[in-house]
Amino acid sequence: MKLSVLTEALSAENIEEIHIKDMSQNICQVCNLSLTSVAFTKNIIYVVTAPVLLEVGDGCLEAPSIFILLGNLNDFIDMQKPENYIIYQSDAPGEVFTALLSKLNLESRILEAELAISRALFDCTSIKDLLDVAASILGNPILLQDFTTRLLVHSANEVMAADDEILNSVFRMGYVTSELFQKYDYANVLEQIKNTPQTFLLKSPKKRERLICRLIVNRRYFGWFLTVAYNHPFKDSDIEIMNFLCGALQLLSLIHI
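Think of each chain on its own: its residues are numbered from 1, step by step along the sequence as written. For this predicted model, a pLDDT threshold of at least 70 governs which residues receive local features, and a threshold of 80 or more governs which side-chain atom pairs are given and counted, while totals over whole chains, interfaces and linings are taken from all residues. Working from all heavy atoms in the structure, the side-chain values ignore hydrogens and water.

(A) Broad picture of the sheet that holds strand E6 (residues 142-146). Only strands that DSSP links by at least two bridges are regarded as paired with each other. Only DSSP runs of H or I covering at least 4 residues are called helices, and only runs of E covering at least 2 are called strands; the numbering of each starts at the N terminus. Taken in spatial order, the 5 strands of this open sheet run E7-E6-E10-E9-E8, and their pairing is antiparallel. Bordering the open sheet on either side are strand E7 (151-154) and strand E8 (200-204), each of which pairs with just one other strand. Strand-to-strand, the axes of this sheet are offset by a mean angle of 30°, without reference to chain direction. With 4 bridges connecting them, E8 and strand E9 (residues 207-217) associate as antiparallel partners. Residue pairing across strands places Leu202 opposite Arg210, the latter belonging to E9. Contacts are assigned to residue pairs with any non-hydrogen atoms lying within 4.5 Å of each other. Axis geometry follows a simple rule: fit a line to the C-alpha atoms, using only the stretch in contact for helices, then measure angles between N-to-C directions, giving values from 0 to 180 degrees. In this fold helix H4 (residues 127-138) packs onto E6, E7 and strand E10 (220-228), with an angle of close to 135° to the strand it touches most, E6. Here helix H7 (residues 186-195) sits on the sheet in contact with E8, E9 and E10, set at roughly 105° to E10.

Right under this line is the structure:
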C-alpha cells in the first residue's frame with residue numbers, strides 16, 4: 001500500500017513535521033521500534049517515542065524505513081532524526097500502531113478481493129458464479145435485481161430473514177409487492193439507487209442494513225445489486241469491494257443479461 005494512503009490513518013492536525021523523500025513508496029508492514037531493532041528496510045514503518053529513538057541512537061539515522069516519531073515537536077529539536085520521518089503529536093504508541101495496522105489490513109483485504117474478483121471474472125461462466133465468489137469474500141449474501149425490483153440472480157447463501165419483509169417478499173414472490181412498495185417508500189429508494197453512482201449504505205429500523213450499488217448495462221440504468229448484513233455486520237472495506245464488483249458485473253452483464 002502507498003505510504004500516502006496509509007498516513008491517512010493519522011489525523012492531519014496532529015502531524016507536526018514531515019520529512020520523507022518518497023511519499024509514493026509501498027509499505028507492507030508496521031512495527032514498533034524497540035531497542036533490539038537492528039535491520040531496517042524501505043517498505044516498513046516504525047512507530048517510536050522520543051526516549052526509545054534516543055536510545056537506539058545512530059542505528060536508524062540513514063535507514064530507508066519510515067519512522068513515525070511520537071511526542072511533541074520540542075522533544076526532537078536537539079535530536080538527530082532519521083532520513084525519513086513524520087513527527088506525530090501523541091504519547092500513545094499502541095493507539096498509533098493499531099490505527100496504522102488496521103488501515104494496512106483493510107487495504108490488503110481490498111487488494112486481495114480485487115484480485116480474486118478479477119480472476120473469477122475470467123473463469124466464471126455466469127453472473128451467479130461471480131456473485132458466489134464475491135459473497136464468499138464479503139461473508140454476506142448478494143442479490144441482483146432489475147429496475148422493476150424483480151430478483152434475477154442471487155448468491156448461493158440462503159437468505160430467508162423472518163424479520164425482514166422485503167427479503168421475504170423478494171425470495172417468496174420474486175419481487176417487492178405493491179403493499180411493501182408503499183410501506184417502505186420504495187419510489188424514493190429506487191430514485192436514490194438510480195442517481196447514486198457509488199455503493200452506499202441503506203439503513204432502516206424496519207429491515208436489515210444493505211450496501212447497494214446501481215448497475216449500468218450498455219450505458220443504460222439496468223438495476224442494482226446489493227449485499228445484506230445477514231451473517232455479520234459490514235466491514236469498513238466492503239463498500240470498496242462492492243464498487244470493484246460493479247465493474248466486473250457490468251462486463252459480465254454485457255454477455256449474460
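Structure shown, so let's carry the discussion forward.
(B) Layout of the packing of helix H3 (residues 93-123) against H4. Running from amino to carboxyl end, H3 crosses H4 at an angle of 165°, the nearest separation of the two axes being 10 Å. Here H4 runs roughly antiparallel to H3, going by the angle between their axes. The hand of the H3/H4 crossing is right-handed. Taken together, the residues of H4 that come into contact with H3 (itself represented by Arg109, Ala113, Ala116, Ile117, Ala120 and Leu121) are Leu130, Val133, Ile137 and Leu138. Ten residue types, Ala, Val, Leu, Ile, Met, Phe, Trp, Tyr, Cys and Pro, are classed as nonpolar, four, Asp, Glu, Lys and Arg, as charged, and the remainder, Gly among them, as polar. Across the contact of H3 with H4, the residue classes tally to 9 nonpolar, no polar and 1 charged. We call two directions roughly parallel when the angle between them is under 35 degrees, roughly antiparallel when it is over 145, roughly perpendicular when it lies between 65 and 115, and oblique otherwise. Crossings are sorted by hand: turned counterclockwise from the far helix by less than a right angle, the near helix makes the crossing left-handed, and turned clockwise it makes it right-handed.

(C) Looking closely at the state of the cysteines. Cysteine sulfurs are considered disulfide-paired once they come within 2.5 Å of each other. By the definition in use, this model includes 0 disulfides. Cysteine Cys31 shares no disulfide, and the gap to the nearest cysteine sulfur, in Cys28, comes to 8.6 Å. Note on Cys124: no disulfide assigned, nearest cysteine sulfur contributed by Cys246 at a separation of 16 Å.

So, to be careful, I would describe these as geometric facts and stop short of saying anything about function.
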